[in-house]
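Working through the structure, step by step
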Amino acid sequence: MTNQEELARNPSSLQAYIDDLYSKYESLQDGVVANYIPELAKVDPELFAISIVNVNGEIYEVGDYQQLFTIQSISKVFAYGLALMDHGRDYILTRVGVEPTGDAFNAIVLDEQSKRPYNPMVNAGAIATTSLIKGSDATERLNRMLDMFQKYIGRDVFVDISVFTSERTTGHRNRAMAHLMLNFGMIDKPIDEALDLYFQQCAVMVNCHDLAVMAATLANKGVNPITNEQAIKSCYVKDILSVMYTCGMYNFAGEWAYKVGIPAKSGVSGGIIAVVPNKMGIAVFSPRLDARGNSVRGVKVCEELSQHLGLHLFECSPLVNI
Ligand SMILES: NC(=O)CC[C@H](N)C(=O)O
């Protein structure tokens, strides 16, 4: 019997499997916690959680899955969805490309010809995306952003003021990108409001369970499988998953697509989400990062899960229902 057949027969074996994965990687200490945002350096590096939510709303999780942390770059996925709903695909494409960069997430680089940021999953593209969120003033734009997160998560959300302030005070690289994009007409004035909203979206508090529900919502055509609320129009889910697949893991995106083979997104606080379309959302949280800014344990767990469950999109033996 294959692993997939065993899981279809006995779903509790998925819980047993992630419990084993957790024990296997619990002692792994490779990597370092992000410290370029001073508040992030204070996190307990030992925190570790794995959550899986399938499209039927069934939940499998282990470890510190209730521990709150700031969502950081994983927010880029969801902000892109809101911008798509606000303006439509054609307009968004004129402001943010869909090409992987092969560069670090915080590279100060724009497309030579079009002057667009390369894609919405790296900082420059995410700042441009966030600058497009509609609203009559900064408060309305923030509230629309928080409402959007609320639909994906299924509860009220809030911004961690310390992390927001820490990043706002030290985020000169992001500010430089915004000025560069202003120069080329890719974002409009006032850039400080766009940057503030970007720093706020990065400082939204989530736990690993929430991230798995958010990923499961994308797996479930935009409908939160726990609350049944539509968080994003289903026609935009393919746009989001495409850029996650090609750009979500920054300069590791190619290797990730080859090895793990499912759309994913990581953030510097140590979260990773992965989406198995029509099946499930996966989230891992562990703050120690590799040189590219991806969670070390998170990458390992996703690699093993993908192999064990046959999750790769181009897997020759199709995944059975879990
Ligand atoms: N990779 C990340 O999670 C980066 C997000 C972080 N807020 C930044 O702008 O640098």
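Residues numbered from 1 in each chain as written. Predicted model: local features only at pLDDT ≥ 70, side-chain atom pairs only at ≥ 80, totals over all residues. Heavy atoms only, no water.

Going by this rule: UniProt positions are given in the numbering used here, feature names are shortened, and annotations may be inferred rather than shown by experiment.
An unreviewed UniProt entry annotates the chain as Glutaminase originating from Fischerella major NIES-592. Listed under Catalytic activity (unreviewed entry) in UniProt, the entry text for the chain is "L-glutamine + H2O = L-glutamate + NH4(+)".

1. Quick word on empty space enclosed by the protein
The condition that has to hold: Cavities and pockets were defined on a 1 Å grid built over protein atoms only: a cavity is a set of grid points that admits a 1.4 Å probe from which the probe cannot escape, a pocket is an open set flanked by protein on both sides within 12 Å along at least five of seven lines, and lining residues are those with an atom within 4 Å of any such point. Grid points are joined across faces, edges and corners, and a volume is the space filled by probe spheres set on the points. Residues are grouped as follows: Ala, Val, Leu, Ile, Met, Phe, Trp, Tyr, Cys and Pro are nonpolar; Asp, Glu, Lys and Arg are charged; every other residue, Gly included, is polar.
Within this structure, the stated rule accounts for two cavities of 30 Å³ or more. Approximately 60 Å³ is the volume attributed to the largest cavity. Along the walls of the largest cavity sit Tyr-36, Ile-37, Gln-72, Ser-73, Lys-76, Phe-105, Asn-123, Glu-167, Tyr-198, Cys-202, Tyr-250 and Val-268, which together make up its complete lining. Its residues assigned to classes, the lining of the largest cavity shows seven nonpolar, three polar and two charged. Within this model, the second largest cavity holds a volume of roughly 40 Å³. The wall of the second largest cavity is formed by Thr-101, Asp-103, Ala-104, Phe-105, Ala-107, Val-109, Tyr-118, Val-122 and Ala-124. Classifying every residue of the lining of the second largest cavity gives seven nonpolar, one polar and one charged.

2. Here's the deal with the environment of Ser-73
Put simply, the rule reads: Secondary structure elements are taken from DSSP: a helix is a run of H or I of four residues or more, a strand is a run of E of two residues or more, and numbering for both begins at the N terminus.
Mapped onto the elements of the fold, Ser-73 is located in the loop between strand E4 (69-70) and helix H3 (75-87). As for Ser-73 and Asn-123, which are separated by 50 residues in sequence, their C-alpha atoms are 8.0 Å apart.

3. Describing the side chain of Asn-224
The condition that has to hold: Buried, partly exposed and exposed residues are distinguished by accessible area as a fraction of the type maximum, computed with a 1.4 Å probe on protein chains only: under 20%, between the cut-offs, and over 50%, respectively. Under the rule applied, a polar contact is a pair of N or O atoms within 3.5 Å (in protein, one hydrogen donor and one hydrogen acceptor; residues adjacent in sequence only if both atoms are side-chain atoms). Two residues form a contact once any of their heavy atoms are found within 4.5 Å.
Among the structural elements, Asn-224 can be located in the loop between helix H10 (208-219) and helix H11 (237-247). A residue is classified by how much of its surface remains accessible, and Asn-224, at 0% relative accessible area, is buried. Within the structure, the side chain of Asn-224 is placed 2.7 Å from the backbone nitrogen of Ile-226, a separation counted as a polar contact. In this structure Asn-224 touches Lys-151, Tyr-152, Ile-153, Gly-154, Val-213, Thr-217 and Glu-229, once residues within four positions along its chain are discounted.

4. Quick word on the UniProt feature "binding site: substrate" (unreviewed entry) in the chain
With numbering matched to this structure, UniProt assigns "binding site: substrate" (unreviewed entry) to Ser-73, Asn-123, Glu-167, Asn-174, Tyr-198, Tyr-250 and Val-268. Considering only the residues just annotated, the largest cavity is lined by Ser-73, Asn-123, Glu-167, Tyr-198, Tyr-250 and Val-268. Relative to the helices and strands, Glu-167 resides in helix H7 (residues 161-170). Apart from the residues lying within four places of it in its own chain, the contact partners of Glu-167 are Ile-37, Gln-72, Asn-174, Tyr-198, Phe-199 and Cys-202. With respect to the helices and strands, the residue Val-268 is situated in the loop between strand E6 (264-266) and strand E7 (271-276). Leaving out residues up to four positions away in the same chain, Val-268 has contacts with Ala-34, Tyr-36, Leu-40, Gln-72, Phe-105, Leu-289 and Gly-293.

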